[in-house]
Amino acid sequence: MLFYKTYPHKQSKEWVVFVHGAGGSSAIWFKQIKAYKQHFNLLLLDLRGHGKSNTMFQDVMDNRYTFKMVTKDIINVLNHLKIESAHFVGISLGTIIIRHLAELAPERVQTMTLGGAVTRLNTRSQVLISLGNLSKHVLPYMWLYRIFAYVVMPQKNQRQSRHLFIREAKKLCQQEFKRWFKLAADVNPIMKYFKEKELAIPTLYLMGEHDYMFIKSVKEMIKRHQNSVLTQLSNCGHVCNVEQPEAFNHHSIEFIQLHSQPLPAH
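These figures come from a predicted structure and were not determined experimentally.

### Let's talk about the pattern of salt bridges
Part 1 of the reasoning: Under the defined criterion, the tally for this structure stands at 2 salt bridges.
Part 2 of the reasoning: Among the salt bridges present, the one from R99 reaches E103, with a minimum N-O distance of 2.9 Å. Placement of both R99 and E103 in helix α3 (residues 93-104) is noted, with a separation of 4 residues, approximately one turn of the helix.

### Remarks on the sheet that holds strand β6 (residues 203-208)
Part 1 of the reasoning: Spatially, 7 strands are ordered β1-β3-β2-β4-β5-β6-β7 in an open sheet, and the strand pairing comes out mixed. The two strands at the open ends of the sheet, each matched to only one other strand, are β1 (4-7) and β7 (228-233). With strand direction ignored, the average angle separating the axes of adjacent strands in the sheet is 15 degrees.

### Focus on a positive patch on the surface
Part 1 of the reasoning: Positive charge collects at one region of the surface, where K5, K34, K37 and K52 lie side by side.
Part 2 of the reasoning: Relative to the helices and strands, K52 resides in the loop between β3 (41-45) and α2 (67-81).
Part 3 of the reasoning: Judged by relative accessible area, K52 falls into the exposed class, the value being 56%.

### Remarks on the packing of α2 against α3
Part 1 of the reasoning: Between α2 and α3, the shortest axis-to-axis distance is 9 Å and the interhelical angle comes to 75 degrees. It follows that α2 is roughly perpendicular to α3 by the angle criterion. Across the interface between the two elements, F67, K68, V70, T71, K72, I74 and I75 of α2 pack against L93, I96, I97, H100, L101 and L104 of α3.

### Concerning the pairing of strand β4 (residues 86-91)
Part 1 of the reasoning: With respect to burial, β4 is a largely interior element, 6 of its 6 residues being buried.
Part 2 of the reasoning: Residues A86, F88 and G90 point to one face of β4 and H87, V89 and I91 to the other, with burial holding for every one of them.
Part 3 of the reasoning: In this structure, strand β2 (residues 15-19) lies alongside β4, joined through 4 bridges in parallel fashion. When the bridges of β4 are listed, F18 appears paired with V89.
Part 4 of the reasoning: Judged from the 6 bridges that link them, β4 and strand β5 (residues 109-115) form a sheet pairing that is parallel. Residue pairing in the sheet places V89 in a bridge with T113 of β5.
Part 5 of the reasoning: Taken together, β4, α3 and β5 constitute a β-α-β crossover, and its handedness is right-handed.

### Notes on the nonpolar core
Buried together is how nonpolar side chains tend to be arranged in soluble globular proteins.
Part 1 of the reasoning: With 40 residues, the main nonpolar core has V17, V19, L43, I74, F88 and Y205 as its most contacted residues.
Part 2 of the reasoning: Contributions of two or more residues to this core are made by β2, β3, α2, β4, α3, β5, β6 and α9 (215-224).
Part 3 of the reasoning: In terms of nonpolar packing, the next biggest core, distinct from the first, is built from 25 residues, L206, L233, C240 and F248 among them.

Rules and cut-offs
Residues numbered from 1 in each chain as written. Predicted model: local features only at pLDDT ≥ 70, side-chain atom pairs only at ≥ 80, totals over all residues. Heavy atoms only, no water. Salt bridge = Lys/Arg side-chain N within 4 Å of Asp/Glu carboxyl O. Helix = DSSP H or I, 4+ residues; strand = E, 2+ residues; numbered from the N terminus. Pairing = 2+ DSSP bridges. Axes fitted to C-alpha atoms, helices over the stretch in contact; angles between N-to-C directions. Patch = residues over 30% accessible without salt bridge, like charges linked within 9 Å, V, L, I, M, F, W, Y side chains within 5 Å. Areas by Shrake-Rupley, 256 points an atom, 1.4 Å probe, with all protein chains shown as cover. Lys, Arg positive; Asp, Glu negative; His and termini not counted. Charge placed at Lys NZ, Arg CZ, Asp CG, Glu CD. Buried < 20%, exposed > 50% of the residue type's maximum accessible area, 1.4 Å probe, protein only. Parallel < 35°, antiparallel > 145°, perpendicular 65-115°, else oblique. Contact = heavy atoms within 4.5 Å. Right-handed = clockwise from strand over helix to strand, strands pointing away. Core = buried A, V, L, I, M, F, W, Y, C linked by side-chain atoms within 4.5 Å.

Now the structure itself:
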């Protein structure tokens, strides 16, 4: 089972599950915990091969990962903790995993907060992945990851986000990096399907206004989906929960509370 950590709330029955992106870990939510745990029960987990889950799947070392496989890992944790449904908060590639979970088990997902959402890989990112696939057996994976981090998060004010992701990526082994890299190549076909099929689940997209690789496709998605809203965070890039944590927390907590059962009166 995945490594996970919970923060129980004495009164609230609402659960919030945090899903990090590829190369990250539950450590990237350190600026959310204090604000969120005042209102909700929290579940933070490390996806397979990441953080403290990095040694738990040695038996599948030769297998290719699928989004379905990675998503079922999370459902197993929910079942283990007897969490029937929850609000899901994700960042970057974690947003696709949440969307996939909502497809597999919609009754488990009360709301989706998708930060730095990946809804389509644009031409630049497709070229990057193609070059990465060609060179992943030659170049050390950390070189590739650093290149990706600088392309996705190029601005000065994104330095902390870059360093955080690079630090967490160092915990991945080369084989693990290759499997997640291949998974990224599956994004466009799966997101084309998600774009055409909207789920009746309230969805908040939180995007940095400078997230130039992904924000355009989110704006296109919003026009077609009635249950989705977009909030843009100023002076902010891709990893908006780290770059603008106060704004991220304010908008996401307000959104979740809007779709939650109120706390009992004292």
